[in-house]
Every structure is written in C-alpha cells, then in structure tokens.
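A closer look at the structure
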Amino acid sequence: MLEALDLDPGLLAPAQEAATGFRLLVPRGYAALMERGNPNDPLLRQALPLAQELADRIGFSPDPVGDGVAMRAPGLLQKYQGRALLVLTGACAIHCRYCFRRHFPYGEGAAIPDRAMAATTQIAADSDISEVILSGGDPLMLDDKPLAALIKDLEGIAHLKRLRLHTRLPIVLPARITGTLCRTLTASRLRAVVVVHANHARELAKEVQQALGRLRDAGIPLLNQSVLLRGVNDRTQDLVDLSESLFESGVLPYYLHLLDKVSGAAHFEVPEESAVKLMDRLRARLPGYLVPTLVKEEADWGR
C-alpha cells in the first residue's frame, strides 16, 4: 500500500510492528480514494498502522465501553432497555485503527450462525426488547443466506419491531449492497434501519452514493455515525462537508462519537472540551437536522 500511494518507505517497519496485534486490512477501492504522497491523508490515517499504537496511555483499555460485562450470551450484548445487540462476526472489510472492538474476544464472544440460538432464545424470553441491533465486526460480512436465515428467526419473535444494522460496508465495500440484500431487508416484517459509518466527505465516492441510493430506493431509512478523530475530521469544515455530503446521498447525520478509549488508539483522541466547541461552530453553520448528536459511551453505563 505504501508503494501504491508513493509514501515514505520508512513508514513500513513501524506499520508492520503495530500490525502484529491488529493487522492492516483495507479494500483496494477505499485505498484508491487516498491522496498519493500524503502521509496525513484523512482516509489513510484511518487504515495505516502507526508506531503510536504501541504506546501505553493511562485511561485506555482493551474494553473501554464495557462489552464484557454486558454479554448475556455468546454474541448478545444488552446495555439499554428495549434494545439488544448481536455481535454476528469478527470480520470486517477494513480494520479501522480506532476500532473500539479491536481487542474483542470474537472467538468465544460472537453469535456466529451455528451458535446464535442461545442469543435468539434469550431475546425471545425478554418481551421488553423491541429492537435488535446487528453489529460485529460487520454484519454485512455474512453472506446473504445466513443473514436471511437469522432475520427469519428474529421475525418469529412476536415482540420485536425493528432491525437495525450498523455497518461500514456501504462506505468501504459498496458492491456488497446488492438487490438481493435490499430485498431481504425490505421483505421482513421487522422495520429495517441501516446506520452507516462515514468519517470524512471524501469517503462518499460515486460508487458509495450509488450503494446508498439502492438502500434508499428500497425505502430503508439511512443514518450515519462518525467518530471524532484527530487528524481526520476534527475541523469544522470537515464536519460541515461530511454532513452536506451525507444529506446529498440521502443519509441523515446521527451520532458523532467521542473516541472510545481503546488501547492503541490514543493518538486519535480529541479532548471533550474541544469537541464541545467544535459542535458550537457546527450548529452555527448547519441547520439542526444536519448536526449530529455528540455522544460519549462509558464503561460504567450499567451503574
């Protein structure tokens, strides 16, 4: 990738060392959007391992949001009333360097298709749950057949109303958004909502806009969540451009997350006070419906 982007070969050794714990993975189509010769390109920064990942920082941990204590069954997390989350797979199309689940124990902690029954059984037993969130990894890394089978199982739970998918694939691997997938989501009695994950306006290339259009044309509501990242989208203009580009693509800005303090990602942190000031500037520039909600998740959510 460094050769393809005409980047300093001196970046190779630290990248290889940082990738020993969390390997580099990036689709060629996404890499093609990066600016050649620019080591500070905002898309490159999200994907290239850096030596800073190896530094220990006080307050940063392998499980910054308390996923471990929220696990009710393999792959089933429940932190909030009325909603449950299924970690379906550890696979992603891209390894974002700030990923809050980069240390998640997917081997025993994912509701992979052949052991998802325990999770769906528990959901069926809790009539308070009306919405199931499919997450990962990325739930759209599953093939259409096992994904459709899981949705059918969830449809059989009478008290469920909505199915929410959190996915980065429409942004980094837009070809995954096929007609078959759209039909699977719209054929379900569960109302589907897709939350995509774009951090920068340049991620919304033509192919991405077309993929989002296929979902939109199928009648599926589209929201976006971003992570506020130093050197990626921590300027007012970055976020203005992102919100405007999302709206042009039929997507509403939803959440802007403060960085989850996961080990290896401290170099992306934007201080909370800086984020608050940034939001004030954003509200002065955009109509309210284009301003995402600034959010912060704490590991002690259950106390």
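Up top is the structure.
This one's a predicted model, so the numbers in the text were calculated from it and none came from an experiment.

**Describing the state of the cysteines**
The tally for this structure, following the rule as stated, stands at zero disulfides. Free cysteine C92: the closest other cysteine sulfur is in C99, separated by 6.1 Å. With no disulfide of its own, C96 lies closest to C99 among cysteine sulfurs, the gap being 6.8 Å. We classify C96 as buried; its relative accessible area is 8%.

**Here we look at empty space enclosed by the protein**
Taken as a whole, this structure holds one cavity of 30 Å³ or more when the rule is applied. Taken as a whole, the largest cavity spans an internal volume of roughly 70 Å³. Around the largest cavity, the lining residues are N224, S226, L239, L242, S243, L246, P253, Y254, Y255, L256 and P292. Counted by class, the lining of the largest cavity contains eight nonpolar, three polar and no charged residues.

**Some details on the nonpolar core**
Formed by 81 residues in total, the largest nonpolar core has its most connected members in M34, I123, L134, L154 and L185. In contact with M34, not counting residues within four places along its chain, are L5, V26, D41, L43, L44, A47 and R202. Counting residues in each nonpolar core, the second largest holds seven residues, with A70, L85, F104 and Y106 among its members.

**A few points about the packing of helix α7 (residues 144-155) against helix α9 (residues 179-187)**
It is at 10 Å that the axes of α7 and α9 come closest, and there the two elements cross at 5 degrees. What the angle tells us is that α7 and α9 run roughly parallel. Between α7 and α9, the residues in contact are D144, L147, A148, I151 and E155 and T180, L181, T184, L185 and A187, respectively. When the residues that make up the contact of α7 with α9 are grouped by side-chain class, the tally is six nonpolar, two polar and two charged.

**Topic: the side chain of R102**
Looking at where R102 falls in the secondary structure, it is placed in the loop between β3 (83-87) and α5 (106-109). In terms of polar contacts, R102 uses its side chain to reach the backbone carbonyl oxygen of R97, at 2.8 Å. Excluding anything up to four places from it in sequence, R102 contacts F22, E53, R97, V262, S263 and G264.

**So, the sheet that holds strand β1 (residues 71-73)**
Read across the open sheet, the nine strands follow the order β1-β2-β3-β4-β5-β6-β7-β8-β9; overall the sheet is mixed. Where the open sheet ends on each side, the last strands, each with one partner, are β1 and β9 (293-295). Two strands pair when backbone bridges link them, and strand β6 (residues 191-196) and strand β7 (residues 222-227) are joined in this way by three bridges, in the parallel orientation. Across the sheet, residue V194 finds its bridge partner in β7, namely L222.

**With respect to the pairing of β6**
For β6, the buried fraction is high: five of the six residues fall into the buried class. The handedness of the β6 to β7 crossover, carried by helix α10 (residues 206-217), is right-handed.

**Focus: the environment of E203**
Inspection of the secondary structure assignment puts E203 in the loop between β6 and α10. Through-space distance from the C-alpha of E203 to that of L43 is 7.6 Å; in sequence the pair is 160 residues apart. If we ignore the near neighbours within four places in the chain, the residues touching E203 are Y30, L33, L43, Q46, R168, I171, A198 and V208.

**What about the packing of helix α11 (residues 236-248) against helix α12 (residues 272-285)?**
Put simply, α11 and α12 touch, their axes get as near as 10 Å, and they point 50 degrees apart. As judged from the angle between their axes, α11 and α12 are oblique. Like other packed secondary-structure pairs, α11 and α12 cross with a definite hand, here right-handed. Judged by residue contacts, T236, Q237, L239 and V240 of α11 engage L278, R281, L282 and R285 from α12. For the contact of α11 with α12, the residue count by class is four nonpolar, two polar and two charged.

**Notes on the pairing of strand β8 (residues 252-257)**
Pairing analysis gives five bridges linking β7 to β8, with the strands arranged parallel. Residue V227 lies in a different strand from β8, and its bridge partner there is H257. With three bridges connecting them, β8 and β9 associate as parallel partners. By the bridge assignment for β9, H257 is matched with V295. Each parallel crossover has a hand, and for β8 linked through α12 to β9 it is right-handed.

What counts, and where the lines are drawn
- Residues numbered from 1 in each chain as written.
- Predicted model: local features only at pLDDT ≥ 70, side-chain atom pairs only at ≥ 80, totals over all residues.
- Heavy atoms only, no water.
- Disulfide = S-S within 2.5 Å.
- Buried < 20%, exposed > 50% of the residue type's maximum accessible area, 1.4 Å probe, protein only.
- 1 Å grid on protein atoms, 1.4 Å probe; cavity = no way out; pocket = protein on both sides within 12 Å on 5 of 7 lines; lining within 4 Å.
- Points joined across faces, edges and corners; volume = space filled by probe spheres on them.
- Nonpolar A, V, L, I, M, F, W, Y, C, P; charged D, E, K, R; others polar.
- Core = buried A, V, L, I, M, F, W, Y, C linked by side-chain atoms within 4.5 Å.
- Contact = heavy atoms within 4.5 Å.
- Axes fitted to C-alpha atoms, helices over the stretch in contact; angles between N-to-C directions.
- Helix = DSSP H or I, 4+ residues; strand = E, 2+ residues; numbered from the N terminus.
- Parallel < 35°, antiparallel > 145°, perpendicular 65-115°, else oblique.
- Polar contact = N/O pair within 3.5 Å; in protein donor to acceptor, adjacent residues only side chain to side chain.
- Pairing = 2+ DSSP bridges.
- Right-handed = clockwise from strand over helix to strand, strands pointing away.
- Left-handed = near helix turned anticlockwise from the far one by under 90°.

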